[in-house]
Amino acid sequence: MANWIPHWMQRLSSPPTFYRFAGVLRPWCMALSLILLIIGLYGGLVMAPPDYQQGDAFRIIYIHVPSAWMSLFIYGVMAVSGFIAVIWRIKLAESVAMQSAPIGAAFTFITLVTGSLWGYPTWGTWWTWDARLTSELVLLFLYLGVIGLYHAFEDRRQGARAAAFLVLVGVVNLPIVHYSVQWWHTLHQGTTVRLFGKSSIEADMLWPLLVMTLSTKLYWVASLCGRVRTDMLSLESGKHWVRDLAMEDEA
Amino acid sequence: MKPGSVSAAAAAVLRRDLVLAWRSRGDMAMPVLYALIVATLFPFALGPDSALLARIAGGVVLVTVLLSMLLALDALFRPDLEDGSLEQLMLAPQPLALMLSMKILAHWLTTALPLIVIAPLLASMLHLPGHAIAVLVLALVVATPLLSLLGSVLVALTAGTRRSGMLLALMLLPLCVPVVIFAAGAVSAAQANLPWVAPIAWLGAALALILVLAPLACAAALRIAVDA
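About the cut-offs
Residues numbered from 1 in each chain as written. Chains lettered and ligands numbered in written order. Predicted model: local features only at pLDDT ≥ 70, side-chain atom pairs only at ≥ 80, totals over all residues. Heavy atoms only, no water. Helix = DSSP H or I, 4+ residues; strand = E, 2+ residues; numbered from the N terminus. Buried < 20%, exposed > 50% of the residue type's maximum accessible area, 1.4 Å probe, protein only. Contact = heavy atoms within 4.5 Å. Areas by Shrake-Rupley, 256 points an atom, 1.4 Å probe, with all protein chains shown as cover. Lys, Arg positive; Asp, Glu negative; His and termini not counted. Charge placed at Lys NZ, Arg CZ, Asp CG, Glu CD. Rg over C-alpha atoms; globule rule 2.2 N^0.38 Å. Salt bridge = Lys/Arg side-chain N within 4 Å of Asp/Glu carboxyl O. Buried area = accessible area lost by both parts, 1.4 Å probe. Polar contact = N/O pair within 3.5 Å; in protein donor to acceptor, adjacent residues only side chain to side chain. Patch = residues over 30% accessible without salt bridge, like charges linked within 9 Å, V, L, I, M, F, W, Y side chains within 5 Å. 1 Å grid on protein atoms, 1.4 Å probe; cavity = no way out; pocket = protein on both sides within 12 Å on 5 of 7 lines; lining within 4 Å. Points joined across faces, edges and corners; volume = space filled by probe spheres on them. Nonpolar A, V, L, I, M, F, W, Y, C, P; charged D, E, K, R; others polar. Expected span 1.5 Å × (residues − 1). Bend = angle between axes of the 7 residues up to and from the residue. pLDDT = per-residue confidence, 0-100. Core = buried A, V, L, I, M, F, W, Y, C linked by side-chain atoms within 4.5 Å.

Asks: I'm lost on the overall build of chain A in this one. Help?
Replies: A tally of regular secondary structure across chain A gives nine helices and zero strands. Each helix (α) and strand (β) of chain A, taken in turn from the N terminus, gives the series α-α-α-α-α-α-α-α-α. Across its three principal axes, chain A shows a C-alpha extent of roughly 60 × 40 × 35 Å. Split into buried and exposed, the 251 residues of chain A put 46% on the buried side. Across chain A, every contact between residues at least 6 apart in sequence was considered, and the portion connecting residues at least 24 apart equals 74%. Roughly 13,500 Å² of accessible area belongs to chain A as shown, and the carbon and sulfur atoms make up 68% of that amount. Side-chain charges in chain A split into 17 positive and 15 negative, and the spacing between the mean points of these groups amounts to 6 Å.

As structure tokens, then:
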């Protein structure tokens, strides 16, 4: 295979290149995410048929499930880029891992809040010590621990590496969250949407969910691009390319 | 043992830490006193109903021990970091992971062991039945080294920071959840006269795994946090 992929990756990991690349990528991702969000919400809240048992209450899954997937997905991305940051000390990987953490924490928080809003009318309780609920709460604490450790260091790159190490230690929680509904049969329902094989959810209900999933992914990319751009500017504030940018703006 | 060999160095680190702990025996008593006071607060808060206290005793003692260990963990590397001997240890030719596991062993002997000794007293204060107390002590013998090892990795990560007390709690407590679940599960199974070996065996398996991995992770974390 041609070696343009590693070449391209290496070029992209340099802060000025990534700064320009992310600046181009961000508005497109944000716009596409908003369009998909509107389509997905319309499909989920208006077009999808009400559930035969839960009525309209089930519609919260169009927020809850994409956020829950994002809470795990972002932690996975943080683990991969944290691994790269700890081993090869690439500045961009450190930044991606650390700037993903607040977004992931927000998605985890949304998951917990929407879950308890849904739980009250259907399960009759805001909160229960169910395996998946508890492990998702632990995931939120892990995110907060990572953010806290990152900010506790005076040197930001050192803080990023230490927090990336903590991310790697916390990876054990990911399979626990994902398989908790299979290992312990408690209140939370099992998997209904499968990547491989047939999902046990009606197609009319499924497509808005997938659209919402795509929308949250794109939102994360857009938000991450913006956050990493500002992080790069402040990390590299002594460098030439930042000064050139600032001079351009003044001129 | 030849001076300078790995085993001699390990023995020296262990002896040094134990002697240092013995010279300041008052500090060693602090976690024990703390655990005693916390466990005493529960009957005041919940009322002296012995059936209720017996039901929660196992969990209360476990959480109390966990919190006292958390308080003591900060002292694992801090004095050595302040007087520079930790840097000397990191520069030494002997493997850092082994030296650190000796430090963790010394720390466990001086903080967790007194807590395990006092645990039957705390449990009987809360009216835990006798056979469950034996299981509780066994669970603590397996769970406290796990907590020490897990905590040592996180203490190493916060070694380079100024304010680490609350941060350490935020980082450590989520990772402790499985340990607490299994240890408390064993005690409550014993209380209900059910087989209690399985949760202890799970803890033992986790201990075997983490006994190998934690010193290595601790050394790597310390190199990240102190190198600046």
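Asks: Just to check I follow, could you spell out the overall build of chain B for this structure?
Replies: Scanning chain B from N- to C-terminus turns up nine helices and zero strands. For 228 residues, the compact-globule estimate of 2.2 N^0.38 gives 17 Å, and chain B sits close to it at 18 Å. The principal-axis extent of the C-alpha atoms belonging to chain B is close to 55 × 35 × 30 Å. By the burial criterion, 49% of the 228 residues in chain B qualify as buried. Look at the contacts in chain B between residues 6 or more apart in sequence, and 80% of them connect residues 24 or more apart. For chain B, the separation between the mean place of its 11 positive charges and that of its 9 negative charges on side chains is 5 Å.

Asks: Explanation requested: the pattern of salt bridges in the structure shown.
Replies: Once their charged atoms are close, side chains differing in charge can pair, the charge on each being opposite to the other. All names here are of chain A. Using the criterion set out here, one finds ten salt bridges over all chains in the structure. Here Arg156 makes a salt bridge to Asp231, at a shortest N to O gap of 2.4 Å. Residue Arg156 is located in helix H6 (residues 156–170), and its partner Asp231 is located in helix H8 (residues 203–235); the two are separated by 75 residues in the primary sequence. On the basis of relative accessible area, Arg156 is assigned to the partly exposed category, the value being 33%. The buried category is assigned to Asp231, whose relative accessible area is 4%.

Asks: Looking at this structure, how should I read the interface of chain A and chain B?
Replies: By convention, interface size is frequently given as the accessible area that disappears when the constituent parts associate. Listed as interface residues are 20 residues of chain A and, on the opposing side, 22 residues of chain B. By the criterion of area lost to chain B, the three top residues of chain A are Ala152, Gln158 and Phe165 of chain A, representing 28% of everything that side buries. Seen at the junction of chain A and chain B, the total is zero salt bridges. For the interface between chain A and chain B, the tally reads two residue pairs in polar contact (both at pLDDT 80 or more). Elements with a minimum of two residues in the side of chain A that touches chain B: helix H5 (131–152) and H6 of chain A.

Asks: Even after reading the chapter, I still don't get a nonpolar patch on the surface, so can you show me in this structure?
Replies: Residue and element names in this part refer to chain A. A surface patch of nonpolar side chains, about 780 Å² in accessible area, is lined by Leu32, Ile35, Ile39, Tyr42, Leu45, Val46, Met47 and Trp207. When residues of the nonpolar patch are assigned to their parent elements, the largest contribution, seven residues, is made by helix H2 (residues 15–47). Relative to the helices and strands, Val46 is located in helix H2.

Asks: Whenever I open this one, empty space enclosed by the protein confuses me. Can you help?
Replies: Summary: where empty space remains is shown by rolling a probe the size of a single water molecule over the atoms. All names here are of chain B. Counted by the stated rule, this structure contains four cavities of 30 Å³ or more. Approximately 70 Å³ is the volume found for the largest cavity. If you trace the largest cavity, you find it lined by Leu62, Val65, Leu66, Leu140, Ala143, Thr144, Leu147, Val179, Val180 and Ala183. Among the secondary structure elements, those contributing two or more residues to the lining of the largest cavity are helix H3 (50–73), helix H7 (130–157) and helix H8 (165–191). Ranked by residue count, the leading element in the lining of the largest cavity is H7, at four residues. Across the lining of the largest cavity, the residue classes tally to nine nonpolar, one polar and no charged.

Asks: Honestly, helix H6 (residues 96–125) of chain B in this entry has me stumped. Any pointers?
Replies: Think of an α-helix as 3.6 residues a turn; residues three or four steps apart then line up on the same face. All names here are of chain B. Between its first and last C-alpha atoms H6 spans 42 Å; for 30 residues at 1.5 Å apiece the expected length is 44 Å, and the two agree. Taken as a whole, H6 carries its principal kink of about 40° at Ile118; the proline Pro120 stands between one and four residues after it. In the stretch just after H6, His127 is the one whose phi turns positive, near 65°.

Asks: Would you mind going over the side chain of Gln158 of chain A with me for this structure?
Replies: Positionally, Gln158 of chain A belongs in helix H6. Within the local environment of Gln158 of chain A, its side chain forms a polar contact with the backbone oxygen of Ala225 of chain B, the two atoms lying 2.5 Å apart.

Asks: Help me out: how do you make sense of unusual backbone geometry in this one?
Replies: Glycine aside, a negative phi is what most residues show, and trans is what most peptide bonds show. Residue and element names in this part refer to chain A. A positive phi angle, near 55°, is found at Arg89, a position not held by glycine. Assignment of secondary structure puts Arg89 in the loop between helix H3 (61–88) and helix H4 (91–123). Given the relative accessible area of 41%, Arg89 is considered partly exposed.

Asks: What exactly am I supposed to notice about the confidence of the model for chain B here?
Replies: Close reading of the predicted structure is inappropriate where its pLDDT is low. Taken as a whole, chain B shows an average pLDDT of 90; of its residues, 99% reach a score of 70 or greater. Note on the complex model: pTM 0.88, ipTM 0.85.

Asks: It is not clear to me how the nonpolar core should be interpreted in this structure. Could you clarify?
Replies: Among soluble globular proteins, nonpolar side chains are generally buried collectively. Of all hydrophobic cores here, the largest spans 127 residues; its most connected members are Leu149 of chain A together with Phe77, Leu157 and Leu222 of chain B. Here this core takes 17 residues from H7 of chain B, the largest share from any one element. Beyond its immediate chain neighbours, meaning those up to four positions away, Leu149 of chain A contacts Ala162, Ala163 and Leu166 of chain A together with Leu157, Thr158, Leu167 and Met171 of chain B. Residues Phe58, Ile61, Leu206 and Met212 of chain A belong to the second largest nonpolar core, which totals ten residues.

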